[in-house]
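Residue-level listing of the chains:
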Amino acid sequence: MDERRLDPEFSERMEAFLQEVRSEPSQELPARTRSLAVLAALLGCQGLDEFSDELGRALDDGLTPVMVKEIVYQAVDYLGMGRVRPFLDKTNELLSARGVALPLAGQATTTMSDRLEKGAQAQADIFGPQMLEAWKAGHINRWLAANCFGDYYTRKGLDDAQRELVTFCLILAQGGCENQLRGHTAGNIGAGNDADKLYAAVEQCMPYIGYPRSLNAMNIIDEVAGRLAQQ
């Protein structure tokens, strides 16, 4: 459908607003970082059509196919495979259309025998040494260490700061996950994504996810950053 023809007034204002947000002084992000945040947010809010459009721009702006795939893989533990499958299929379709040979080179750094140990270490590296033993609290905690962190956080393609930013945007775009957003706000700050960077990421995602979830996320950034500053 041609929005510019069928909804010309809407298209004019939406395109102008997106440009306004992208170029807002002091809130701009490097193109790659913005793409990481926006693609993750579109996964989080289930914006498949916008994701398809943004993916092309992200690749043009220098996001590599490996980085794109890692965003989608990272989403599985935060959205569930039921919501991620269409995005994985669309990503493969668009990469293939650009002549990218699939499958991409493997990025795993764990095996099925050491994923728990290395996943617990990845948790500890981001959230503190107490996480080394957290997996022993129950099987969900064990799955979190072995699957979420051992299978995904330990992969190459994105560094810890990039993965935490992706996770933050996946969570904020869903809404209703404020406790998890608090945890990953702290994780982001620990990984080097300070409050100003998180504010900028939220603002770049806002046109795609709306004001309520964006404002909630910014309140949580204020809350967590303030608490950490007092420690």
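Residues numbered from 1 in each chain as written. Predicted model: local features only at pLDDT ≥ 70, side-chain atom pairs only at ≥ 80, totals over all residues. Heavy atoms only, no water.

## Focus: the overall build of the chain
Within the chain one finds 12 helices and zero strands. The C-alpha radius of gyration of the chain comes to 18 Å, within 12% of the 17 Å expected for a compact globule of 231 residues. In terms of overall dimensions, the chain has a C-alpha envelope of 60 × 45 × 25 Å along the principal axes. When burial is assessed residue by residue, the chain has 44% of its 231 residues classed as buried. Taking contacts inside the chain between residues at least 6 apart in sequence as the whole, the part at least 24 apart equals 70%. (Helix = DSSP H or I, 4+ residues; strand = E, 2+ residues; numbered from the N terminus. Rg over C-alpha atoms; globule rule 2.2 N^0.38 Å. Buried < 20%, exposed > 50% of the residue type's maximum accessible area, 1.4 Å probe, protein only. Contact = heavy atoms within 4.5 Å.)

## Things to note about the side chain of Gln-74
The topology assignment puts Gln-74 in helix H5 (residues 65-79). Owing to a relative accessible area of 1%, Gln-74 belongs among the buried residues under this scheme. Beyond its immediate chain neighbours, meaning those up to four positions away, Gln-74 contacts Tyr-152, Tyr-153, Arg-163, Val-166, Thr-167 and Leu-170.

## Structural notes on the nonpolar core
Across soluble globular proteins, you tend to see nonpolar side chains buried next to one another. Judged by nonpolar contacts, the single largest core of 58 residues is most densely connected at Leu-43, Ile-71 and Cys-169. Element by element, the count of residues in this core is highest for helix H11 (residues 195-209), at nine residues. When residues no more than four places from it in sequence are discounted, the contact partners of Ile-71 are Leu-36, Leu-39, Ala-40, Leu-43, Leu-63, Leu-158 and Val-166. (Core = buried A, V, L, I, M, F, W, Y, C linked by side-chain atoms within 4.5 Å.)

## Some points on a negative patch on the surface
Together, Asp-2, Glu-3, Asp-7, Asp-49, Glu-50 and Asp-53 give the surface a local cluster of negative charge. With respect to the helices, strands and loops of the structure, Asp-2 is situated in the segment before helix H1 (3-6). (Patch = residues over 30% accessible without salt bridge, like charges linked within 9 Å, V, L, I, M, F, W, Y side chains within 5 Å. Areas by Shrake-Rupley, 256 points an atom, 1.4 Å probe, with all protein chains shown as cover. Salt bridge = Lys/Arg side-chain N within 4 Å of Asp/Glu carboxyl O. Lys, Arg positive; Asp, Glu negative; His and termini not counted. Charge placed at Lys NZ, Arg CZ, Asp CG, Glu CD.)

## Examining the packing of H5 against helix H6 (residues 81-97)
Contact geometry for H5 and H6: axes closest at 8 Å, N-to-C directions at 170 degrees. As far as their axial angle goes, H6 and H5 are roughly antiparallel. Along its contact with H5, which presents Pro-65, Val-68, Lys-69, Val-72, Tyr-73, Ala-75, Val-76, Tyr-78 and Leu-79, the element H6 presents Met-81, Arg-83, Val-84, Phe-87, Leu-88, Thr-91, Asn-92 and Leu-95. The residue inventory of the contact of H5 with H6, partitioned by class, reads 13 nonpolar, two polar and two charged. (Axes fitted to C-alpha atoms, helices over the stretch in contact; angles between N-to-C directions. Parallel < 35°, antiparallel > 145°, perpendicular 65-115°, else oblique. Nonpolar A, V, L, I, M, F, W, Y, C, P; charged D, E, K, R; others polar.)

## Some thoughts on the packing of aromatic side chains
Scanning the entire structure with this criterion turns up three aromatic pairs. Connected via pairs of aromatic rings, a cluster forms that spans Phe-127, Phe-149 and Tyr-153. (Phe/Tyr/Trp six-rings, centres within 6.5 Å; stacked < 30°, edge-to-face > 60°.)

## Re helix H9 (residues 160-174)
With 15 residues, H9 extends 21 Å from end C-alpha to end C-alpha; this agrees with the ideal 21 Å at 1.5 Å per step. With respect to burial, H9 is a largely interior element, 13 of its 15 residues being buried. Count one or two residues on from H9 and you reach Gly-175, which has phi positive near 75 degrees. (Expected span 1.5 Å × (residues − 1).)

## Details of unusual backbone geometry
A cis geometry characterises the amide bond from Leu-102 onward to Pro-103, with omega recorded as 0 degrees. By secondary structure assignment, the location of Pro-103 is in the loop between H6 and helix H7 (115-127). The phi dihedral of Ser-26 falls on the positive side, at around 75 degrees, and the residue is not glycine. The class of Ser-26 is exposed, set by a relative accessible area of 66%. Unusually for a residue other than glycine, Gln-46 sits at a positive phi of about 65 degrees. Counting through the fold element by element, Gln-46 comes out in the loop between helix H3 (31-44) and helix H4 (48-60). The class for Gln-46 is partly exposed, based on a relative accessible area of 32%.

## Some details on the pattern of salt bridges
Proximity of charged atoms lets side chains of opposite charge pair with each other. Scanning the entire structure with this criterion turns up 12 salt bridges. In this structure, Arg-4 engages Glu-15 in a salt bridge whose closest nitrogen and oxygen atoms are separated by 2.8 Å. One end of the pair, Arg-4, is in helix H1; the other, Glu-15, is in helix H2 (residues 8-22), and 11 residues separate them in sequence. Between Arg-34 and Glu-54 there is a salt bridge whose closest N-O contact spans 3.0 Å. With Arg-34 in helix H3 and Glu-54 in helix H4, this residue pair connects regions lying 20 residues apart in the sequence. The buried category is assigned to Glu-54, whose relative accessible area is 2%.

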